[in-house]
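Next come the chains, spelled out residue by residue.
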Amino acid sequence: MDNLDYMDSYFNSEASLAKKVEFEKKIAEDPAFAEELAFYLSVKQLAREQSEEKKKRFKELYEQYKQEGHSTRQITLVRKFWPYLAAAAIIAGIFFGMHVFFKPASPQQLADKYVQEHFQTLGVTMGDKEDSLQAGLRWYNEGRLNEALVQFESIANRDASSFEAKKYLGIVYLRLEQYDKAISCFLQLEKYTQLYANPGKLYLALTLLKRNQPGDKQQAKDLLQQVLQFDLEGKETAKQLLNKW
Amino acid sequence: MPLHTIPPQTADEEILNNLLQEGIDRKRGEEQLFSKYAYFIQQAMHKYSFQEEDAFTIYADTIISAIPKIVDGSFQRRSSLKTWLYQIFHNKCVDLVRKNATNKRSVNRTTSISDIFLNLADSARSVVQEMMDRTDRDLIKQRLNEIGENCRQILSQWAEGFSDKEIAATLEYKTADVVKTSRLRCLDKLRQLYKVNTK
């Protein structure tokens, strides 16, 4: 142990010339000391080799780790561009949000809106005596659509000249999403050319937009253009819808 | 399973169990441990702007110093393996940052064997070299594996050129003097073990 301590101190400090001479003399004259020094140095060399061997093994593992897709470059590149990626994601999110939430309404959506706003309730004539048409409107406004339907159908069958019955019947069919029947009603309504205000073409266009079958949209557009062109009932609505085309 | 195809994501429990075994299982555990947290290297490169080689060396040193602690039970599982390893790794990173900042890197390294030889007179050098050539290297290697993890670790660090002060910091010894005493005792113990077989 003393020799080890002596060697250790010698190697771990700046040895003076005198100490160096003394150390070398001890190597030459004391075989036990020389042997111990050889052992000391051999251990240091072997321990270092072992440690380096382990590090070499780890180095190989690390290279393999990188090759398996844990690439340093890949990670550092992602980190390097992270602020830009984040900014791009935020911008994309804003555009997506605008597209979803602030998307201009389509003609179909406007048609939905119109139906919601205008066909939820219908105007009832105030008076002491309630006729069958008023009864139908009352049921309609109470949400009793099927009863209103029977009522308006009955009036329309009884009186072919009752354009109001045709109009309300078409509206009930539209609310009940029976678009073909609604279209049939509005086509008939459209033919009442003597009326001062006939919304037939507008209602027909709205129903076609709601049905949305192939060709319906174009047909609705043509009808709306006619409403505008001939200054028919619902001109403003037609204008709004056409602006969204 | 061949060692080189070990998946990086092995459960900590399996890694710890393997490390507590001997031979091939220990080796597998070492490699599993290394692979699982190898991403620390990239983190250090990013966080401390280290070169990859430096970050790798720190990480490898972390694993090398962690293994004996796991084996001898010093790692008591009060925190997760990852947290514990990262603490060691982080401390080593901070050490390197300080060394880089004060430009003291490698100042404390002890003399290498080649330096020792170069400084000896020819006659002394040839005497020592001749004796080293006669040393049974395989037997020393074998004995190095028998002296216990702590001794092996301390000698390994010393052989790599770390000063006693650095070893104290890495292996959590109280002072450099304690390291020196322990290191010399380990060398002496190793020598005694070696002598038993060479007599």
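Preceding this section is the structure that the text describes.
The following paragraphs examine the structure supplied in this document. Treat the numbers as computed from the prediction; the structure is a model and nothing was measured.

This paragraph deals with the overall build of chain B. Of regular secondary structure, chain B possesses 11 helices and 0 strands. Going from the N terminus to the C terminus, chain B shows its helices and strands as α-α-α-α-α-α-α-α-α-α-α. Per-residue burial over chain B gives 34% buried out of 199 residues. In chain B, of all internal contacts separated by at least 6 residues, the share reaching a separation of at least 24 is 59%.

Glancing now at the nonpolar core. Phe152(A), Leu169(A), Val172(A) and Ala205(A) are the most contacted members of the largest nonpolar core, which totals 33 residues. Mapped onto this core, the elements with two or more residues apiece are helix 7 (132-141), helix 8 (145-158), helix 9 (163-175), helix 10 (179-190), helix 11 (200-211), helix 12 (216-229) and helix 13 (235-243) of chain A. By size, the runner-up hydrophobic cluster in this structure holds 30 residues, among which are Ile27(A), Ala47(A), Met132(B) and Leu155(B).

On to the interface of chain A and chain B, then. Residue-level contacts link 37 residues of chain A with 42 residues of chain B. Elements with a minimum of two residues in the side of chain A that touches chain B: helix 1 (2-11), helix 2 (17-29), helix 3 (31-67) and helix 4 (72-80) of chain A. Per-element accounting of the side of chain A that touches chain B gives the leading share, 23 residues, to helix 3 of chain A. Residue classes in the side of chain A that touches chain B are distributed as 19 nonpolar, 9 polar and 9 charged.

The subject of this paragraph is unusual backbone geometry. Phi is positive for Glu177(A), which is not a glycine, with a value near 60 degrees. Relative to the helices and strands, Glu177(A) resides in the loop between helix 9 and helix 10. With 11 C-beta atoms counted inside 10 Å, the residue Glu177(A) sits in the exposed group. Here the phi dihedral of Ser49(B) falls at roughly 55 degrees; this positive angle occurs in a residue that is not glycine. Note on placement: Ser49(B) falls in the loop between helix 3 (39-48) and helix 4 (52-71). Ser49(B) gets classed as exposed once you count the C-beta atoms within 10 Å, which come to 11.

All names here are of chain A. For the pair helix 11 and helix 12, the least separation of the axes is 8 Å and the interaxial angle reads 160 degrees. By the angle between their directions, the pair helix 11 and helix 12 is classed as roughly antiparallel. The two elements helix 11 and helix 12 meet at a crossing, and its hand is left-handed. Contacts from Lys-201, Leu-202, Leu-204, Ala-205, Leu-208, Leu-209 and Arg-211 of helix 11 reach helix 12 at Asp-216, Lys-217, Gln-219, Ala-220, Leu-223, Leu-224, Gln-226 and Val-227. Across the contact of helix 11 with helix 12, the residue classes tally to 9 nonpolar, 2 polar and 4 charged.

Analysis parameters
- Residues numbered from 1 in each chain as written.
- Chains lettered and ligands numbered in written order.
- Predicted model: local features only at pLDDT ≥ 70, side-chain atom pairs only at ≥ 80, totals over all residues.
- Helix = DSSP H or I, 4+ residues; strand = E, 2+ residues; numbered from the N terminus.
- Buried ≥ 20, exposed ≤ 12 C-beta atoms within 10 Å, placed from the backbone.
- Contact = placed C-beta atoms within 7 Å.
- Core = buried A, V, L, I, M, F, W, Y, C linked by C-beta atoms within 7 Å.
- Nonpolar A, V, L, I, M, F, W, Y, C, P; charged D, E, K, R; others polar.
- Axes fitted to C-alpha atoms, helices over the stretch in contact; angles between N-to-C directions.
- Parallel < 35°, antiparallel > 145°, perpendicular 65-115°, else oblique.
- Left-handed = near helix turned anticlockwise from the far one by under 90°.

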